[in-house]
Amino acid sequence: MRTRLILTALLCIPFMNAAAHEEEEHAHEAHAAHVHGAAVLNVFTEEDSTVVLELDSPMINFISFEHKPEDEKQITEYNSFLKTLSSGIFSGDSAFRINSEAACFVKGFEHDVEFDDGHGDFELTVTYRCEKIDSLSSIEVNLFKNFPALHSISAQVVTEKLQKGFELKADSHIINLK
């Protein structure tokens, strides 16, 4: 009986090491994803003529600090950013412009700001409904002119016809989907 118990314990060690390594790797990926001046944009289509844009970025790309607001100046700046969100810059066509032939309109808009361990992260999801999804040919990403601290966006696109990555910058900010 004792031999069986020891053998069972020894057989579990590789699984415990693999789980610990996976957890460490996940923590490293989360830390590596937080790069000032850079953001990630996922673009995908769904069967019901829906286009979804998911943006993930450090807060410092949108405001001058990335921790929780600590003084009156930072609170004012943070509140101004939140007001910008509610004014429609992200939910209209100011931040993202889909080619007009696709006849898309905003169906949903969600955002989240999290401050953790001295780092602020901004997540945004904008959902569009397109009347002519087959005419979808481009998405213009206009974040660079409104937020100069943002220098690059790594975009991944998955549609029925395309799976491709794009590196967007101020002078090359259009995702061509054809």
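The present account deals with the structure reproduced in this document.

Conventions adopted
- Residues numbered from 1 in each chain as written.
- Predicted model: local features only at pLDDT ≥ 70, side-chain atom pairs only at ≥ 80, totals over all residues.
- Heavy atoms only, no water.
- Buried < 20%, exposed > 50% of the residue type's maximum accessible area, 1.4 Å probe, protein only.
- Helix = DSSP H or I, 4+ residues; strand = E, 2+ residues; numbered from the N terminus.
- Pairing = 2+ DSSP bridges.
- 1 Å grid on protein atoms, 1.4 Å probe; cavity = no way out; pocket = protein on both sides within 12 Å on 5 of 7 lines; lining within 4 Å.
- Points joined across faces, edges and corners; volume = space filled by probe spheres on them.
- Nonpolar A, V, L, I, M, F, W, Y, C, P; charged D, E, K, R; others polar.
- Salt bridge = Lys/Arg side-chain N within 4 Å of Asp/Glu carboxyl O.
- Axes fitted to C-alpha atoms, helices over the stretch in contact; angles between N-to-C directions.
- Contact = heavy atoms within 4.5 Å.

**A closer look at unusual backbone geometry**
What is expected of a backbone is that most residues other than glycine have negative phi and most peptide bonds are trans.
Here's step 1: Phi angles above zero are rare outside glycine, and Ser 49 is one such case at about 60°.
Here's step 2: Taking relative accessible area as the criterion, Ser 49 reaches 18% and is therefore assigned buried.
Here's step 3: A positive phi angle is found at Ala 103, which is not glycine, with a value near 50°.
Here's step 4: Its location among the elements puts Ala 103 in the loop between strand E3 (96-98) and strand E4 (104-116).

**A word on the pairing of strand E8 (residues 163-168)**
Here's step 1: When strand E7 (residues 152-158) meets E8, the two strands line up antiparallel, connected through 6 bridges. Among the inter-strand pairings, Ala 155 is bridged to a residue of E8, identified as Phe 166.
Here's step 2: Counting the residues between successive antiparallel strands, the hairpin from E7 to E8 contains 4 residues.

**A look at the layout of surface pockets**
With a probe scaled to a water molecule rolled over the atoms, the places where space remains empty come into view.
Here's step 1: Within this model, the second largest pocket holds a volume of roughly 340 Å³.
Here's step 2: Surrounding the second largest pocket, 14 residues form its lining, Thr 45, Ile 133, Thr 159, Glu 160 and Lys 161 being those nearest its centre.
Here's step 3: Here the residues of the lining of the second largest pocket are counted per class, giving 5 nonpolar, 3 polar and 6 charged.

**A word on the pattern of salt bridges**
Here's step 1: Following the criterion strictly, the structure yields 2 salt bridges and no others.
Here's step 2: A salt bridge links Asp 48 to Lys 107; its shortest N-O distance comes to 3.8 Å. Placement of Asp 48 in the loop between strand E1 (38-46) and strand E2 (50-58) and of Lys 107 in strand E4 is noted, with a sequence separation of 59 residues between them.
Here's step 3: Residue Lys 107 is classed as partly exposed on the basis of its relative accessible area of 46%.
Here's step 4: Glu 140 is paired through a salt bridge with Arg 97; the nearest N and O atoms lie 3.9 Å apart. Of the two residues, Glu 140 sits in strand E6 (residues 138-141) while Arg 97 sits in strand E3, which places them 43 residues apart along the sequence.
Here's step 5: Judged by its relative accessible area of 23%, Glu 140 falls in the partly exposed class.
Here's step 6: For Arg 97, a relative accessible area of 36% puts it in the partly exposed group.

**What about the sheet that holds E2?**
Here's step 1: Here we have 6 strands laid out as an open sheet, ordered E4-E5-E2-E1-E7-E8, and mixed in their pairing. Looking at the sheet topology across the chains shown, the edges are occupied by E4 and E8. Strand-to-strand, the axes of this sheet are offset by a mean angle of 15°, without reference to chain direction.
Here's step 2: Bridging between E4 and strand E5 (residues 119-130) involves 12 bridges; their strand directions are antiparallel. From the neighbouring strand, Glu 114 faces E5, where its bridge partner is Asp 121.
Here's step 3: Helix-sheet contacts for helix H2 (residues 72-86) involve E4 and E5, and the interaxial angle to E4 is about 160°.

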